[in-house]
Amino acid sequence: GATWTALTRGLNSGSTTSGVFKIATDDDGVWVAGLAGGYAARSTDNGATWTALTQGLNSGSVSSIYSLATDGAGVWVAGVVSGWAARSTDNGATWTSLTRGLNSDSTTSDIYSLATDGAGVWVAGLASGYASRNATNGL
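Let me begin by describing the structure that accompanies this report. (Residues numbered from 1 in each chain as written. Predicted model: local features only at pLDDT ≥ 70, side-chain atom pairs only at ≥ 80, totals over all residues. Heavy atoms only, no water.)

1. Focus: the sheet that holds strand β5 (residues 65-70)
Thought 1: Strand order in the open sheet made by the four strands is β5-β6-β7-β8, with antiparallel pairing throughout. Only two strands of the sheet have a single partner each, and these edge strands are β5 and β8 (96-97).
Thought 2: One ladder, built from five bridges, connects β5 with strand β6 (residues 76-80); its direction is antiparallel. By the bridge assignment, L68 is partnered in β6 with A78. (Pairing = 2+ DSSP bridges. Helix = DSSP H or I, 4+ residues; strand = E, 2+ residues; numbered from the N terminus.)

Now the structure itself:
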């Protein structure tokens, strides 16, 4: 951590003014960054270079991406503002929408945290105090 190299502002996400809210890695060279305004970027070379992903990660929203997690085997889940969520099964290259609110009893609360045991169980925490659990690898 003694030296740092500047990266392109906005991580080539399509935005140069959005704040970077969340960055996650699969610990094998793939990184995904979620930014304000639903912008997102992906790196496959340990964060050296970045390419834009679909705004909002096809979640149904183009709002800020607050949470990202991966099982380390190619499955990623992203939590977006107002309960929107998305899932990738190809190491973050493409994304599909998940049920809004992740069936948590709150469909509009921001998804602030996501975690997985890497063996198919996921837990999501929402800003409203609700949470949800999934045992089918984020599906």
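Now that the structure has been shown, the text picks up again.
2. Here we look at the sheet that holds strand β1 (residues 20-25)
Thought 1: As summarised here, the arrangement of the four strands in space is β1-β2-β3-β4, forming an open sheet in which the pairing is antiparallel. Because the sheet does not close on itself, it has two edges, and the strands there are β1 and β4 (51-52).
Thought 2: Bridge count for strand β3 (residues 40-43) against β4 is two bridges, and the pairing is antiparallel. Residue pairing for β4: R42 is matched across the bridge by T51.

3. Topic: the packing of aromatic side chains
Thought 1: All chains considered together, the criterion is met by two aromatic pairs.
Thought 2: Among the aromatic residues, those joined into a cluster by ring pairs are F21, Y66 and Y112. (Phe/Tyr/Trp six-rings, centres within 6.5 Å; stacked < 30°, edge-to-face > 60°.)

4. Some words on unusual backbone geometry
Thought 1: The phi dihedral of L11 falls on the positive side, at around 50°, and the residue is not glycine.
Thought 2: Residues other than glycine seldom take positive phi values, yet N12 does so here, at roughly 55°.
Thought 3: Positionally, N12 belongs in the segment before β1.
Thought 4: On the basis of relative accessibility, which here comes to 38%, the residue N12 falls in the partly exposed class. (Buried < 20%, exposed > 50% of the residue type's maximum accessible area, 1.4 Å probe, protein only.)

5. Overview of the environment of T5
Thought 1: Position of T5 relative to the elements: it lies in the segment before β1.
Thought 2: Looking at T5, the relative accessible area reads 71%, which means it is exposed.

6. Focus on the environment of S63
Thought 1: Tracing the backbone through its elements, the reader meets S63 in the loop between β4 and β5.
Thought 2: Under the relative-accessibility criterion, S63 is labelled partly exposed at 28%.
Thought 3: The spatial distance from the C-alpha of S63 to the C-alpha of V81 is 5.6 Å, given a sequence separation of 18 residues.
Thought 4: Contacts of S63, omitting those with residues within four sequence positions, involve G37, G38, V80 and V81. (Contact = heavy atoms within 4.5 Å.)

7. Some details on the pairing of β1
Thought 1: Pairing of β1 with strand β2 (residues 31-35), which is carried by five bridges, proceeds in the antiparallel orientation. Within the sheet, the bridge partner assigned to V20 lies in β2 and is L35.
Thought 2: The turn linking β1 back onto β2 is made up of five residues, and D27 within it adopts a positive phi angle of 65°.

8. A word on the pairing of β2
Thought 1: Buried residues dominate β2, accounting for four of its five residues.
Thought 2: By the bridge criterion, four bridges tie β2 to β3 in an arrangement that is antiparallel. What sits directly across from G34, in β3, is A40.
Thought 3: Linking two consecutive strands that pair antiparallel, namely β2 and β3, is a turn of four residues; a positive phi of about 75° is found at G37 within it.

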